[in-house]
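Fold and geometry: a report
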Amino acid sequence: MRENLHRIGLCHLIIAASFAATSCLAADADQGETLARRWCTGCHLVAADQKAATTDAPPFASIAQRPDFDPAKIEFFLRDPHPKMPNMTLGRSEAADIAAYIATLK
Ligand code: HEC
């Protein structure tokens, strides 16, 4: 009995670890769009079908079109709350997903 419980615990650990590894490698732009529509539309234009954003925050499409655009930089930026934004504490894979989504707006 003890032995069995131990095995199950170990198994979960391995599954959890491999999930973390895959979400690290493959950013998911669709998931990023969902997150962006949920968290960012208050200030940013996040998609072409959105009517209006209310502040001076740059539209995501124009961020994507900057000559120095780099998804890795966006991800890094998002992991550190920007001064005028509420602290949204995005996880690492969430930040990567949103960066991947912004990259599709090029
Ligand atoms: C409360 C308003 C607000 C919300 C909500 C908000 N932002 Fe911003 N964001 C701003 C403003 C204002 C700027 C421009 C000034 C600055 O950089 O602080 C900005 C700038 C940015 C930039 C450009 C940084 C650069 O390099 O110039 C990115 C990328 C960005 N936001 C991403 C996001 C994402 C992704 C979300 C949702 C998870 C989000 N923002 C939610 C207000 C907001």
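Residues numbered from 1 in each chain as written. Predicted model: local features only at pLDDT ≥ 70, side-chain atom pairs only at ≥ 80, totals over all residues. Heavy atoms only, no water.

Brief notes about the nonpolar core
To be explicit about the condition: To form a nonpolar core, buried Ala, Val, Leu, Ile, Met, Phe, Trp, Tyr and Cys residues must be joined to one another through side-chain atoms within 4.5 Å. In this scheme, a residue with accessible area under 20% of its type's maximum is buried, one over 50% is exposed, and one in between is partly exposed, where area comes from a 1.4 Å probe on protein chains only. Helix and strand assignments follow DSSP, with helices taken as H or I runs no shorter than four residues and strands as E runs no shorter than two, numbered in order from the N terminus. Every residue pair with non-hydrogen atoms within 4.5 Å of one another is taken to be in contact.
Membership of the largest hydrophobic core comes to 18 residues, with the highest contact counts inside it found for Phe60, Ile74 and Ile102. Elements that contribute at least two residues to this core include exactly α2 (29-39), α3 (60-64), α4 (71-79) and α5 (92-103). Here the element with the most residues in this core is α5; it accounts for five residues. With residues up to four places along the chain from it excluded, the contact list for Phe60 reads Ala36, Cys40, His44, Leu45, Val46, Tyr101, Ile102 and Leu105.

Some thoughts on the packing of α4 against α5
Two quantities define a packed helix pair, namely the angle between the helix axes and the distance between the axes. The following threshold applies: Only the stretch in contact is used when fitting a helix axis, every axis being a line fitted to C-alpha atoms; angles between N-to-C directions are given from 0 to 180 degrees. Roughly parallel means an angle under 35 degrees; roughly antiparallel, over 145; roughly perpendicular, 65 to 115; everything else is oblique. The hand of a helix crossing depends on one turn: near helix anticlockwise from the far one by less than a right angle means left-handed, and clockwise means right-handed. Note that Gly is not counted as nonpolar here; it falls among the polar residues with everything else outside the nonpolar set of Ala, Val, Leu, Ile, Met, Phe, Trp, Tyr, Cys and Pro and the charged set of Asp, Glu, Lys and Arg.
The contact between α4 and α5 brings their axes to 8 Å, and the two run at 135 degrees. Considering the angle they form, α4 stands oblique to α5. The element α4 and its partner α5 pack so that their crossing is right-handed. Along its contact with α4, which presents Pro71, Ile74, Glu75, Leu78 and Arg79, the element α5 presents Arg92, Ala95, Ala96, Ile98, Ala99, Ile102 and Ala103. In the contact of α4 with α5, the residues fall into nine nonpolar, no polar and three charged.

Concerning the packing of α2 against α5
Running from N to C, α2 and α5 cross one another at 100 degrees; their axes reach a closest spacing of 7 Å. On the basis of their axis angle, the class for α2 and α5 is roughly perpendicular. Judged by residue contacts, Ala29, Gln31, Gly32, Glu33, Leu35 and Ala36 of α2 engage Glu94, Asp97, Ile98, Ala100 and Tyr101 from α5. By residue class, the composition of the contact of α2 with α5 is six nonpolar, two polar and three charged.

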